[in-house]
Amino acid sequence: MPTEAKWEYAARGGLKGKRYPWGDEISHDNANYSGTGGRDKWSKCAPVSSLEANGYGLYDMVGNVWEWCSDWDASDYYSNSPPRVASRGFNDLSYPRSIDGFRCVSGL
């Protein structure tokens, strides 16, 4: 699994200075989250590659599921950084959820 920093880099898809890989606003045309609308027709997880890939050709980097990373979340870790493409949280491995996922990576 990637570290948070590597996941963040991949999630941005090469776009710098924006909140999301396509710009500063989120919509159901770009991501699967909080219900349905626009191109997002799935109330739960969308099938892989249902929406457009980011600039690196990676699908589902925003929305769909919370992705595990190989390092730990700390409340002050990114306290002095600009807004990030990720929303962070903590989930105990003992309590799996259907909205959690992971992404295997190679060569990042």
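Residues numbered from 1 in each chain as written. Predicted model: local features only at pLDDT ≥ 70, side-chain atom pairs only at ≥ 80, totals over all residues. Heavy atoms only, no water.

**Q** Mind showing me how you'd approach the overall build of the protein here?
**A** Along the protein, the regular secondary structure elements total one helix and two strands. Going residue by residue from the N terminus, the α and β elements of the protein occur as α-β-β. Within the protein, the proportion of its 108 residues that are buried is 28%. Counted over contacts in the protein with a minimum sequence separation of 6, partners at least 24 positions apart contribute 54%. Approximately 7,300 Å² of the protein is accessible, and the part contributed by carbon and sulfur atoms is 54%. (Helix = DSSP H or I, 4+ residues; strand = E, 2+ residues; numbered from the N terminus. Buried < 20%, exposed > 50% of the residue type's maximum accessible area, 1.4 Å probe, protein only. Contact = heavy atoms within 4.5 Å. Areas by Shrake-Rupley, 256 points an atom, 1.4 Å probe, with all protein chains shown as cover.)

**Q** Mind showing me how you'd approach the pattern of salt bridges here?
**A** Opposite charge on two side chains permits them to pair, given that their charged atoms come into close proximity. On inspection of all chains with the given rule, the structure shows three salt bridges. R12 serves as the salt-bridge partner of E8, at 3.3 Å between the closest nitrogen and oxygen. Of this pair, E8 and R12 both sit in helix α1 (residues 4–12), four residues apart, roughly one helical turn. The class for E8 is buried, based on a relative accessible area of 5%. A relative accessible area of 16% means that R12 is categorised as buried. (Salt bridge = Lys/Arg side-chain N within 4 Å of Asp/Glu carboxyl O.)

**Q** Can you help me understand the environment of T3 in this one?
**A** Along the chain, the position of T3 falls in the segment before α1. Sequence separation of T3 and W68 is 65 residues, and the distance between their C-alpha atoms is 9.0 Å.

**Q** It is not clear to me how unusual backbone geometry should be interpreted in this structure. Could you clarify?
**A** In most cases, non-glycine residues show a negative phi, while peptide bonds are predominantly trans. Even without glycine at this site, S34 takes up a positive phi of about 40°. Mapped onto the elements of the fold, S34 is located in the loop between α1 and β1 (66–67).

**Q** Can you help me understand the nonpolar core in this one?
**A** Across soluble globular proteins, you tend to see nonpolar side chains buried next to one another. Of all hydrophobic cores here, the largest spans five residues; its members are W7, A10, A11, M61 and C69. Once you skip the residues sitting within four places of it in the chain, C69 turns out to touch M1, P2, T3, E4 and W7. (Core = buried A, V, L, I, M, F, W, Y, C linked by side-chain atoms within 4.5 Å.)

**Q** Mind showing me how you'd approach the packing of aromatic side chains here?
**A** For any pair of aromatic rings, geometry is given as the distance between the ring centres together with the angle between the planes. Counted by the stated rule, this structure contains two aromatic pairs. Taking the centre distance of 5.5 Å and the plane angle of 5° together, the rings of Y20 and W22 count as stacked. What makes Y20 buried here is its relative accessible area of 14%. For W22, a relative accessible area of 31% corresponds to the partly exposed category. (Phe/Tyr/Trp six-rings, centres within 6.5 Å; stacked < 30°, edge-to-face > 60°.)

**Q** What am I meant to see in α1 here?
**A** Note: α-helices contain 3.6 residues per turn, so residues at a spacing of three or four share the same orientation. Among all positions of α1, only E4, W7, E8, A10, A11 and R12 are buried. Following α1 by one or two positions, G13 has its phi on the positive side, about 65°.

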